[in-house]
Amino acid sequence: MTAIRHFPTRADLDPGAFEALVKTPTRAEDWPLAERVEAGIPIYAAACARDCLERDDSETNARRRALLEEWHHCLAQGPGVLAITGMVEGAVVDRATETFLALIEAERGIGQRGDHFAAAGANDRLWNAFQKHGEADPDGFVCYYANPVLALVAKAWLGPGYQLTSQVNVVKPGGRAQLPHRDYHLGFLSEAQALDYPLGQQVASQYLTLQGAVAHDDMPLESGPTQLLPHSQRYAEGYLAYRDPAFQEVFARHRVQLPLAKGDGLFFNPALFHAAGDNDSQHRRRMANLLQISSAFGRAMESVDNARLIRKCYAALTTRFQRGGWTPQTHACVDALAESYPFPANLDRTAPRAGGLAPESQRELLARALTEAWPETQLHDALACLARARCA
Ligand SMILES: [Fe+2]
């Protein structure tokens, strides 16, 4: 039997090993295409990246490949985070900022808007900003995303065929820091849910998403730019560890912050420990467009209409359930029939849900229907309601 635990628990965590890992120095000579290294983070100039995109000759292609290589290595085995200065032009950012603020104002009063990670009122959050931005200001949106440097960093981590989503976060003066965490996928699951995924899946999941942020305001340290823990993405058991007080102490001892200027981009491995910082300024708003870029591989080969399948099979499933209750066979059948993953979700309609970050999945809904002996009409209505709630 190997010593590696494929289903680790908190008892397998080692804060000492984690601390040794995050004390790895980031050496400038390891990141030759970066302009400089600051706070342990390689910083690249967008102008340098654009130079690698201008022509299609062998020398330019070789430079582009070298940059892709360096960025991927930085995000995977290096510090896990990089910054790109001057990635989006100031006027383009300002136009998008105006659109975001107008959208936030329009949503205020529609209903209670929640945030997964902050107390009510400390910040403004615009879910699915990508869609709303494009629909509200198509010309501005096209200018914003006609950005080959953004495309290049996405390809460096995910290859071609990626898909963009974004959420805007505005932290007001006085807004308090988040607790350190990891991001989507497993960062949106409860610890109990994460424990059921073998370690290989936990580690592999980091390769399915690139986390990014575009600074929409200048972000000096007093405004609380994101606290980051370079090299922490390499701690394999990190999805189980980030809630542990001993790991939070390591985070507090070694975390760094990088001041950003408007239009700068910050990109990190979703497994990197991080937290939005304290906004200690008197008047400084801190707006970021948080980009979440997903791998093309996060999809099934065929599309299945699970809701239709559930409606067809509900009577047979109910008969089985009434005979034996929650047997392993019934569990297996429910797992096979229904979508067990609650994402992609519409977070305006579903966030935040008490007791967790993830909305209810189709599988959980079907389980409720069986346990509570819903009639078919009630199940049909609930499935339709869930489908509507998931639509953009
Ligand atoms: Fe986060």
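Worth saying up front: this structure is predicted, and the values here are computed from it rather than measured. The numbering scheme is per chain: residues are counted from 1 as the chain's sequence reads. The predicted origin of the model limits local features to residues at a pLDDT of at least 70 and limits the giving and counting of side-chain atom pairs to 80 or more, whereas totals for whole chains, interfaces and linings rest on all residues. Values reported for side chains reflect all heavy atoms of the structure, with hydrogen atoms and water molecules removed beforehand.

### Structural notes on the coordination of the iron ion
Coordination of the iron ion by the protein involves His181 (NE2), Asp183 (OD) and His274 (NE2), with metal-donor separations of 2.2 to 2.4 Å. For Na, K and Ca the donor cut-off is 3.2 Å; for every other metal, N, O and S atoms count as donors within 2.8 Å. Water does not enter the count, which can leave sites looking incomplete. Look at where the donors of the iron ion fall in the sequence and you get H-x1-D-x90-H. Of the two residues, His181 is situated in the loop between β5 (163–171) and α8 (191–195) and His274 in strand β10 (residues 274–275); the sequence distance between them amounts to 93 residues. Secondary structure elements follow DSSP: runs of H or I no shorter than four residues count as helices, runs of E no shorter than two count as strands, and numbering proceeds from the N terminus.

### Some details on the sheet that holds strand β8 (residues 256–257)
Two strands in a sheet stick together by hydrogen bonds in their backbones, pointing the same way (parallel) or opposite ways (antiparallel). Two strands make a pair as long as DSSP finds a minimum of two bridges between them. One open sheet accounts for three strands, arranged β8-β7-β10; its pairing is antiparallel. The sheet is open, and its two borders are formed by β8 and β10, each paired with just one other strand. Direction of pairing for strand β7 (residues 227–228) relative to β10: antiparallel, over a ladder of two bridges. Across the sheet, the residue bridging to Gln227 is Ala275, located in β10.

### Thoughts on the pattern of salt bridges
Just to be clear on terms, a salt bridge is a Lys or Arg side-chain nitrogen sitting within 4 Å of an Asp or Glu carboxyl oxygen. What the rule picks out here adds up to 24 salt bridges. Note that Asp278 and Arg176 form a salt bridge whose closest N and O atoms lie 3.2 Å from each other. Taken together, the residues span a long stretch of sequence, with Asp278 in the loop between β10 and β11 (286–294) and Arg176 in the loop between β5 and α8 at a distance of 102 residues. When a residue's accessible area, from a 1.4 Å probe over protein chains only, is under 20% of the maximum for its type it is buried; when over 50% it is exposed; and in between it is partly exposed. The class for Asp278 is partly exposed, based on a relative accessible area of 26%.

### Re the domain arrangement of the protein
How far each domain reaches was decided by an automatic or database domain assignment. Split into domains, the protein comes out as domain 1 (10–294) and domain 2 (306–390). Between the C-alpha centres of domain 1 and domain 2 the distance comes to 33 Å.

### Some remarks on unusual backbone geometry
The residue after Tyr184, namely His185, is reached through a cis peptide bond having omega 15 degrees. Among the secondary structure elements, His185 is positioned in the loop between β5 and α8. Residues Phe343 and Pro344 are joined by a peptide bond in cis, for which omega reads 0 degrees. Its place among the elements puts Pro344 in the loop between α13 (328–337) and α14 (347–350). For Ala39, which is not glycine, the phi dihedral falls at a positive 50 degrees. Of note, Asn128 is a non-glycine position whose phi angle comes to about 45 degrees, a positive value.

### Quick word on the sheet that holds strand β6 (residues 209–215)
The strand order across the open sheet formed by eight strands is β1-β2-β3-β9-β6-β11-β5-β4, and the pairing between neighbours is mixed. Of all strands in the sheet, those with a lone pairing partner are β1 (36–38) and β4 (123–126), marking the two edges. Pairs of neighbouring strands in the sheet enclose a mean axial angle of 25 degrees, with direction left out of account. As defined by bridge partners, β6 adjoins β11 across seven bridges and the pair is classed as antiparallel. If you follow Ala215 over to β11, its bridge partner there is Ala288. Any pair of residues with heavy atoms lying within 4.5 Å of one another is described as a contacting pair. Between the N-to-C directions of two axes lies an angle of 0 to 180 degrees, each axis being a line fitted to C-alpha atoms and, for a helix, fitted only over the stretch in contact. Contacts from helix α7 (residues 148–158) reach β3 (81–85), β6, β9 (265–268) and β11 within the one sheet, and its direction differs from that of β6 by about 155 degrees.

### Overview of the packing of aromatic side chains
Whether two aromatic rings pair depends on their centres lying within 6.5 Å, for rings of Phe, Tyr and Trp, where Trp uses its six-membered ring; planes under 30 degrees apart make the pair stacked, over 60 edge-to-face, and the rest tilted. The tally for this structure, following the rule as stated, stands at 15 aromatic pairs. Judged by centre distance (5.0 Å) and plane angle (45 degrees), the ring pair of Phe18 and Phe247 falls under tilted. Linking Phe18 in helix α1 (residues 15–22) with Phe247 in helix α11 (residues 245–254), this pair joins segments that are 229 residues apart in sequence. Note on Phe18: relative accessible area 0%, which makes it buried. Ring geometry for Phe130 versus Phe141: centroids 5.1 Å apart, planes at 65 degrees, classification edge-to-face. Residue Phe130 is located in helix α5 (residues 129–136), and its partner Phe141 is located in helix α6 (residues 138–145); the two are separated by eleven residues in the primary sequence. We note Arg182 situated over the ring of Tyr239; from NZ or CZ to the ring centre the distance is 4.6 Å. Criterion for a charge above a ring: Lys NZ or Arg CZ within 6 Å of the ring centre, and within 35 degrees of the ring normal.

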